[in-house]
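Remarks on the overall topology
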Amino acid sequence: MNKASFVYATYIATTPEKLWAALTNSEFTKQYFFGREIVSDWQVGSSFKLMNKDKVEHYGEVLVCEPYRLLTVTWSVKDVEGERISKVTYELTPMTSTIKLTLRHEDLLEKDIRKDEGKMEGFNNGWPAILSNLKSLLETGKTLQVF
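To keep things clear, this report deals only with the structure shown in the data block. (Residues numbered from 1 in each chain as written. Predicted model: local features only at pLDDT ≥ 70, side-chain atom pairs only at ≥ 80, totals over all residues. Heavy atoms only, no water.)

1. Some remarks on the overall build of the protein
Looking only at helices and strands, the protein features 3 helices and 7 strands. Listing each helix as α and each strand as β along the protein from the N terminus yields β-α-α-β-β-β-β-β-β-α. With 147 residues in all, the protein has 43% of them scored as buried. Restricting to contacts in the protein with at least 6 residues of sequence separation, those with at least 24 account for 44%. Accessible surface for the protein amounts to roughly 8100 Å². Of this, 51% is attributable to carbon and sulfur atoms. (Helix = DSSP H or I, 4+ residues; strand = E, 2+ residues; numbered from the N terminus. Buried < 20%, exposed > 50% of the residue type's maximum accessible area, 1.4 Å probe, protein only. Contact = heavy atoms within 4.5 Å. Areas by Shrake-Rupley, 256 points an atom, 1.4 Å probe, with all protein chains shown as cover.)

2. Details of the pattern of salt bridges
Under the criterion given, the structure shown has 5 salt bridges. R36 is the partner of E57 in a salt bridge, and the nearest nitrogen-oxygen pair spans 2.6 Å. Pair noted here: E57 is in strand 4 (residues 55-66) and R36 is in the loop between helix 2 (26-32) and strand 2 (37-40), with a separation of 21 residues, a long-range link. Of the two residues, E57 and R36, both sit in the buried class. When the shortest N-O distance is used, the salt bridge between E106 and K87 registers 3.8 Å. Pair noted here: E106 is in strand 7 (residues 98-109) and K87 is in strand 6 (residues 82-95), with a separation of 19 residues, a long-range link. Residue E106 is classed as partly exposed on the basis of its relative accessible area, which comes to 22%. (Salt bridge = Lys/Arg side-chain N within 4 Å of Asp/Glu carboxyl O.)

3. So, the sheet that holds strand 1 (residues 3-12)
Here 7 strands make up an open sheet; going across it, the order is 1-7-6-5-4-3-2 and the pairing antiparallel. Of all strands in the sheet, those bounded by a partner on one side alone are strand 1 and strand 2. In this sheet, neighbouring strand axes are inclined to one another by 25 degrees on average, regardless of whether the strands run parallel or antiparallel. Pairing of strand 5 (residues 70-79) with strand 6 involves 10 bridges; the strand directions are antiparallel. Note that in strand 6 the partner of L70 across the bridge is E91. Where helix 1 (residues 16-24) meets the sheet, its contacts fall on strand 1, strand 2, strand 4, strand 5, strand 6 and strand 7, and the angle it forms with strand 6 comes to roughly 165 degrees. (Pairing = 2+ DSSP bridges. Axes fitted to C-alpha atoms, helices over the stretch in contact; angles between N-to-C directions.)

Structure (structure tokens):
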């Protein structure tokens, strides 16, 4: 099967420190990641879990952790055919008073990218909603009401 990737970039009026905290601190993630909490000590080789209440939705291993700059983790993907591992990278690029946040989700299958833009299915629809919520939270202190 062919591997697919999804890349999404957004520009956020914040500092690298605040954006890093939002990406790695469960108190922040619960606010913009639809109630989900990310749990890790962020050391290379350590595990991470994305929790929805007491249920692990995704898990993986920290591959790269360069605070305020770069974070890469493996990311579990479950579907009807079983479970497989993909890779997610967050890259923070300072630009004066703005941070460019680039998310790269690699080692996906073509079926992970959904054509129906009207639903929250597929990584190409989910990640933009999550990162838009993150941007809104950091810039206004509130998440988007549509979600």
